[in-house]
Amino acid sequence: MSEMAATDALPKPKRDIAPVLLPIALALLMLPLIGSVSSWVTLTVASLAMGMMIFIMASGLTLVFGLMDVLNFGHGAFIAVGAYVATLVLLPLASFVQADSLLANLAVLLPAVLLAMAVSGALGLVVERVLVLPVYGQHLKQILMTTGGLIVAEQTLYALWGPQIIPLPLPTALRGSLIIGDIAIAKYRLLAMLVGFVIFVAIELVLNRTKIGLLIRAGVENREMVEALGYRVRRLFLGVFMTGSALAGLGGVMWGLYREQVHASIGDELTVLVFIVVIIGGLGSVTGCFIGALLVAMVANYGGFLLPKLALVSNILLMVAVLMWRPRGLYAVTNR
Amino acid sequence: MSGLLTLSDVHTHIGSYHILQGVACEVPEGRTTMLLGRNGAGKTTTLRTIMGLWQASQGAIALSGDRIERLATPDIARLGVGYVPESMAVFSDLTVKENLVLAARDGPLDDTHLAWIFGFFPALKKFWLTRAGSLSGGQKQMLSIARAIVEPRKLLLIDEPTKGLAPGIVMALIECLKEIKRRGATILLVEQNFYAARELGDKVLVMDNGTIVHSGEMADLAADVPLQEHLLGLSLEQHQ
């Protein structure tokens, strides 16, 4: 074959780093407005921690959206179930939770987290088979089915645990703050940041360094062509759905511990936030979801400090602003 | 010459539209069969129905004698059917390498086979680690075809590979497809470009209104201008 454009120079693909710079620019911009360095650090750390927890909850949803084109309005059920399952382990073993020993704390915390993820993942399997499978490709029915699923899950939690708020105390080792000069950084927030970052890196590694990840990325872009290459995308969908559900369960545990309480409508409350993050990030984009979660958390924390009256609508305003800038989200992966 | 692929009275409905209305044809093994016809005749639908991307509502499709019309697309692909869609459908977020790694379903990329592909698609080697979305139209088409032949396939379904490409790139693609032919591949190729059809086709099928209206040797049709005008509404020379 002739050289046929083989030697044509391709334009170097531009790295789109503007969205990555956005949270950094926002944080720096807030410093003079807030005035006090210690308050700024506290708010920034709170934003990062909150953002990471929201990211954990939203990461699965964005892949489900992108890969499966499923509008899962029931994602909050996995968050709530995860949080409640954690109470089943942590409350009866309160002596371990309150023990002044990191090992004793971890001995109950880790099983609680793993059980919450397992139950949420299993619930994801049931939801995908029973509620989502019959309505693939039918968005309106997906919304009705999954919203119905969320209501059923929420009411089941009410029926089993009652309407009262259930306290979920932080393990002793995670209480308190690290003091650096006149800046206090809550230990749990540091842990939340660490866990969120590790999960982000893990997802990125899986997506970029493994064949399963390639399949997911390709499937988000063109599901039909992946099938034409001989891959059974249905199984992949199910795996992603279950993983997303399990991550939502983990997010629910972390959010419950962050607030030190759990209630039946926790999933309902967080669903809106999670959807805003997924839309801001761009459907199917994990990186966009990560940045979107940080932005949402920053706007909530900085906004709550500077303009408390705007706090209620700050996330909606953020979403509007982002979509006016990039109508398909920060990093558009799908054409939807 | 035996028929590797046989379609018998195949009907396909898309929504309320009855697109394929009893397609019956045979694709002989080791030869290139051109599928020609006016726009909207049902050529792409035929390929997609064979691939299982649209389900046949009636009729039989057999590959090496085994019925495949009720199989899911991945199962048809696993029987050795490679598909190059009209839209190319390269994964633009993935690199050239990643696109080919995915296409090599049964194991790692074979270096010798890869060298053969690079022989006629040097651009793919040059842009190995470049995101496919950055490639030109011709390069995307090369990648799409390379993806279909990165592993040995029983049958290649290729939909209008030259569509929208510059003449120089079309010539190069024809050379490439000839090389694939020389390796004994069985190809069912939808093509509007007369030169490409004449150069590549051994056999020809002409479609109109969802049915096969002519089946014969490509050389015979290429030599028969009145028949071309009768079947296609204009001669192949005008059809370029």
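Before any of the text, the structure's been laid out above.
From a predicted model like this one, the values you see are computed outputs, not experimental measurements.

## Focus on the overall build of chain A
Then comes step 1: The helix and strand inventory of chain A stands at 13 helices and four strands.
Then comes step 2: For chain A, whose C-alpha radius of gyration is 21 Å, the value lies close to the compact-globule estimate of 20 Å for 336 residues.
Then comes step 3: Taking the principal axes of the C-alpha coordinates as reference, chain A spans close to 75 × 50 × 40 Å.
Then comes step 4: Sorting the 336 residues of chain A into buried and exposed places 50% on the buried side.
Then comes step 5: Restricting the contact set of chain A to residue pairs at least 6 apart, pairs at least 24 apart contribute 77%.

## A word on the interface of chain B and chain A
Then comes step 1: Taken together, the 34 residues of chain B in the interface contact 26 residues of chain A.
Then comes step 2: Counting residues per element, the ones that place at least two in the side of chain B that touches chain A are helix H2 (73-78), helix H3 (96-103), helix H5 (122-126), helix H6 (137-149) and helix H7 (167-182) of chain B.
Then comes step 3: Among the elements that make up the side of chain B that touches chain A, the one with the highest residue count is H7(B) (five residues).
Then comes step 4: Among the residues forming the side of chain B that touches chain A, the class breakdown is 19 nonpolar, eight polar and seven charged.

## Observations concerning the sheet that holds strand E3 (residues 32-37) of chain B
Residue and element names in this part refer to chain B.
Then comes step 1: Pairing is mixed across the open sheet formed by six strands, whose spatial order is E6-E7-E8-E3-E9-E10. This sheet does not close on itself; its edge strands, each paired only once, are strand E6 (81-84) and strand E10 (211-217). The mean inter-strand angle of the sheet, taken between neighbouring strand axes irrespective of direction, is 15 degrees.
Then comes step 2: Across five bridges, the pairing between strand E7 (residues 155-159) and strand E8 (residues 186-190) is parallel. Each bridged residue has a counterpart across the sheet, and for Asp159 the counterpart in E8 is Val190.

Scoring rules and cut-offs
Each residue is numbered by its place in its chain's sequence as written, counting from 1. Numbering of ligands from 1 and lettering of chains from A proceed in the order in which they are written. Local features in a predicted model are, by the rule used here, given only for residues with pLDDT of at least 70; side-chain atom pairs are given and counted only at 80 or more, and totals for whole chains, interfaces and linings are based on all residues. We count a stretch as a helix when DSSP gives it H or I for four or more residues in a row; a strand needs E for two or more, and each element gets its number in order from the N terminus. With C-alpha atoms as the basis for the radius of gyration, the globule rule is written as 2.2 Å multiplied by the number of residues raised to the power 0.38. Between the buried cut of 20 or more and the exposed cut of 12 or fewer other C-beta atoms within 10 Å of a residue's own C-beta lies the partly exposed class, and all C-beta atoms are placed from the backbone. We call two residues in contact when their backbone-placed C-beta atoms lie within 7 Å. Note on residue classes: Ala, Val, Leu, Ile, Met, Phe, Trp, Tyr, Cys and Pro are nonpolar, Asp, Glu, Lys and Arg are charged, and everything else, Gly too, is polar. By definition, two strands form a pair when at least two bridges between them are found by DSSP. In this analysis an axis means a line fitted to C-alpha atoms, helices contributing only their contacting stretch, and an angle means the value between N-to-C directions, from 0 to 180 degrees.

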